[in-house]
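Examining the three-dimensional arrangement
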Amino acid sequence: MCETGDSAGGAHDDQSGSDDDNGALDNTFSALLEDSAEDLYEHAPCGYLSTLMDGTIAKINTTLLDWLGYHRDDLIGRRRFSDLLTVGGRMYNETHIAPILSMHGEVGGLALELKTADGVRLPVLVTSVVKTGTDGTAQLIRTTIFDARERRAYEQELLRARREADAERDKARAFAAILQRTLLPPVLSAVDGMEVAAYYHPASADQVGGDFYDLFPLADDTWGFFLGDVSGKGAAAAAVTSLARYTLRAAAVRDPSPVAVLGTLNAVLNHEYHGTDPRYCTVAYGSLVPDTRGATITLATGGHLPPVLIRADGTAELVETPGGMLVGALPDARFASTEIHLAPGDTLLLYSDGLTEARTHRRTRYSEEQLRDFAATLAPTTAPALVAAVQDLLAGFEDGVDDDTALLALSIPASGDDQP
């Protein structure tokens, strides 16, 4: 019985406490409800303004007066809403706000600037509604005004940060463009009895790509040429690209054999980049010897895509060099070479995988076989014409090109063409 009585007493105490809490809450609400409508209007956290249809100020709350620094008698019946605006705001009011209010009866979220009594600009957000009488006649315009100074400061800070970011991006792009130019020959060397052309398509203006190419003279009327693609992008890839390009040229002077040249580059890259930061590249390297019937090319590839050979008779084929491994990936990489002869009207195209990994409008990968078939439709062609056609092909892929693309084409003018 005692336990039951204690339990009942505890429940009674709990109920009393709850009643006290409810009473305190009711008192709080009652105090809030005792606020007069006039006080709520005058000291609202936003500005209130009522004007006649011609803009004459008929009523204004204390909050807005304090923001502007005016006395009530300075404005009511003496000034119009447009008098509180800047010159630009007045023009906007006449050409946009007034006509919209006349047609639709309301306008909201307008960013304007008011002029305070001492001439300071006050950024605000304005919403206006036309009040009509029972007969539908417009009587006055009610306007709510919010202080937008903090918002303006925030927007200006964002704008400043954006300008700084844009300036930094422009600097980075300029640096990337300059660095990219140093990794490519400014002009291709001229080879007697041949036409040559090249093109570089950067996928991004912000990063330096790893694609490279070159054509240069060697002894005994022999020319060396190459096109390659380094793994990765940015400054690290640029360093490897520079090393690969100059190593290939130096190695070709020592021993012009394409297999030996790739072997030297493989040894250098494997020695310089190994362990936790391996770097490698794919390369197609060839030696070129012009003759009376065209030119003989000895070609070796290290993990690179097969060049396309376009014959004067309208056929095209992929030049395979089986056994060519990635350059720099393994210390004992093996390379193989093949020999082809360019006759009058024949063209050889070297390219990087930015082209054959591009996505068509069907979002499918553009393959080496599609490139071969496309090139065949151009036969017989010349190096400049072929590069221009492939350049247009790349442009047609639009955003389907995700990687940089390098092109290098060599051709023998068709019989009867003017010789260079």
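Right, let's walk through the structure included here. (Residues numbered from 1 in each chain as written. Predicted model: local features only at pLDDT ≥ 70, side-chain atom pairs only at ≥ 80, totals over all residues. Heavy atoms only, no water.)

1. Brief notes about the environment of Cys-281
The test is simple: Under the DSSP-based scheme used, a helix requires at least four consecutive residues in state H or I and a strand at least two consecutive residues in state E, with every element numbered from the N terminus. Think of it in three bands: with a 1.4 Å probe and only protein chains considered, a residue is buried below 20% of the maximum accessible area for its type, exposed above 50%, and partly exposed in between. Here a residue-residue contact requires only that any non-hydrogen atoms of the pair lie within 4.5 Å.
Mapping Cys-281 onto the fold places it in strand S9 (residues 281-291). Judged by its relative accessible area of 1%, Cys-281 falls in the buried class. Excluding residues within four positions of it along the chain, Cys-281 makes contact with Asp-229, Val-230, Leu-265, Leu-269, Gly-302, Leu-326 and Val-327.

2. Details of the environment of Gly-108
Summarising the element assignment, Gly-108 is placed in strand S3 (residues 106-115). Residue class for Gly-108 comes out partly exposed when judged on its relative accessible area of 49%. Taking C-alpha positions, Gly-108 is 6.2 Å from Ser-128, a pair spaced 20 residues apart along the chain. Non-local contacts of Gly-108, meaning those with residues more than four positions away in its chain, are made with Val-126 and Thr-127.

3. Observations regarding the packing of aromatic side chains
The condition is simple: Stacked, edge-to-face and tilted are the three classes for Phe, Tyr and Trp ring pairs, Trp counted by its six-membered ring, which pair at centre distances within 6.5 Å; planes under 30 degrees apart are stacked, over 60 edge-to-face, the rest tilted. Note on criteria: charge over ring means Lys NZ or Arg CZ within 6 Å of the ring centre, with the direction from the centre no more than 35 degrees off the ring normal.
Counted under the stated rule, the structure contains five aromatic pairs. Judged by centre distance (5.2 Å) and plane angle (55°), the rings of Tyr-366 and Phe-397 are tilted. Separated by 31 residues along the polypeptide, Tyr-366 in the loop between helix H9 (353-356) and helix H10 (368-376) and Phe-397 in helix H11 (residues 383-397) bring together distant segments of the chain. Judged by relative accessible area, which is 6%, Tyr-366 ranks as buried. Through pairs of rings, three or more aromatic residues link up here, namely Phe-212, Phe-216, Phe-226 and Tyr-285. The lysine or arginine in question, Lys-59, covers the ring of Tyr-41, its NZ or CZ lying 4.5 Å from the ring centre. Across from the ring centre of Tyr-246, 5.3 Å away, lies the NZ or CZ of Arg-245, which sits over that ring.

4. Some words on the pattern of salt bridges
Filter applied, for reference: For this document, the term salt bridge refers to a Lys or Arg side-chain nitrogen within 4 Å of an Asp or Glu carboxyl oxygen.
Under the counting rule described, the total for this entry stands at 14 salt bridges. Between Asp-83 and Arg-79 there is a salt bridge; the shortest N-O distance is 3.9 Å. Exposure remark for Arg-79: the relative accessible area of 26% places this residue in the partly exposed category. Its salt-bridge partner being Arg-149, residue Asp-147 comes within 2.5 Å of it at the nearest N-O pair. Relative accessible area serves as the criterion here: at 32%, Asp-147 is assigned to the partly exposed category. Connected through salt bridges with shared partners, the residues Glu-113, Arg-121 and Arg-152 form a single ionic network.

5. With respect to the packing of helix H7 (residues 234-254) against helix H8 (residues 258-272)
Working note: a packed helix pair is described by the angle between its axes plus the distance between those axes. What counts here: A fitted line through C-alpha atoms serves as each axis, taken over the contacting stretch for helices, and the angle formed by two N-to-C directions is quoted from 0 to 180°. By convention, the crossing between two helices is left-handed when the near helix turns anticlockwise from the far helix through less than a right angle, and right-handed when the turn is clockwise. Each residue is assigned to one of three groups, with Ala, Val, Leu, Ile, Met, Phe, Trp, Tyr, Cys and Pro labelled nonpolar, Asp, Glu, Lys and Arg labelled charged, and all others, Gly among them, labelled polar.
Running from N to C, H7 and H8 cross one another at 145°; their axes reach a closest spacing of 9 Å. Relative to H8, H7 is oriented so that their crossing is right-handed. On H8, the residues that touch Val-240, Leu-243, Ala-244, Thr-247, Leu-248, Ala-251 and Ala-252 of H7 are Val-261, Leu-262, Thr-264, Leu-265, Val-268, Leu-269 and Glu-272. Taken together, the residues of the contact of H7 with H8 sort by class into eleven nonpolar, two polar and one charged.

6. Looking at the sheet that holds strand S10 (residues 294-302)
So the rule is basically this: When DSSP finds at least two bridges between two strands, those strands are taken to pair.
Read from one edge to the other, the open sheet built from five strands follows the order S7-S8-S9-S10-S13, with strand pairing classed as antiparallel. Of all strands in the sheet, those with a lone pairing partner are strand S7 (211-218) and strand S13 (337-342), marking the two edges. For this sheet the average axis-to-axis angle between neighbouring strands, irrespective of direction, equals 20°. Of the pairings in the sheet, the one linking S9 to S10 comprises eight bridges and is antiparallel in character. From the neighbouring strand, Gly-286 faces S10, where its bridge partner is Leu-299. Packed onto the sheet, H7 meets S7, strand S8 (222-230) and S9 and runs at close to 20° relative to S7. Of the strands in this sheet, S9, S10 and S13 touch H8, which is tilted by about 150° from S9.

7. Notes on the sheet that holds strand S2 (residues 57-60)
Strand order in the open sheet made by the five strands is S2-S1-S5-S4-S3, with antiparallel pairing throughout. Edge strands, defined here as strands with exactly one partner in the open sheet, are S2 and S3. Within this sheet the neighbouring strands show an average axis-to-axis angle of 30°, counted without direction. As defined by bridge partners, strand S4 (residues 121-132) adjoins strand S5 (residues 138-147) across nine bridges and the pair is classed as antiparallel. Among the inter-strand pairings, Thr-127 is bridged to a residue of S5, identified as Thr-144. Contacting S3, S4 and S5, helix H5 (residues 87-104) crosses the sheet at an angle of about 155° to S3.

8. Looking at the side chain of Asp-214
Filter applied, for reference: Any pair of N or O atoms that falls within 3.5 Å is considered a polar contact. Within protein, one atom must be able to donate a hydrogen and the other to accept it, and sequence-neighbouring residues count only if both atoms are side-chain atoms.
Note on placement: Asp-214 falls in strand S7. On the basis of relative accessible area, Asp-214 is assigned to the buried category, the value being 2%. Side-chain polar atoms of Asp-214 contact the side chain of Arg-249, separated by 2.6 Å. Asp-214 has contacts with Pro-185, Gly-224, Phe-225, Phe-226, Arg-245, Arg-249 and Leu-408, leaving out every residue within four places of it along the chain.

9. As for H5
Worth spelling out the cut-off: One less than the number of residues in a helix, times 1.5 Å, gives the span that helix is expected to have. Axes are fitted to the seven residues ending at a residue and to the seven starting at it; the angle between these axes is taken as the bend at that residue.
For H5, with 18 residues, the first-to-last C-alpha span of 25 Å sits near the 26 Å given by 1.5 Å per residue. Residue Asn-93 marks the point of greatest curvature in H5, where the axis turns by about 45°. Restricting attention to buried positions, one finds in H5 the residues Gly-89, Asn-93, Ile-97 and Leu-101. Among the structural elements, S3, S4 and S5 are those in contact with the buried residues of H5. Directly after H5, the chain includes Gly-105, whose backbone phi takes a positive value near 80°.

The quantities given are spatial measurements derived from coordinates; they are silent on function.
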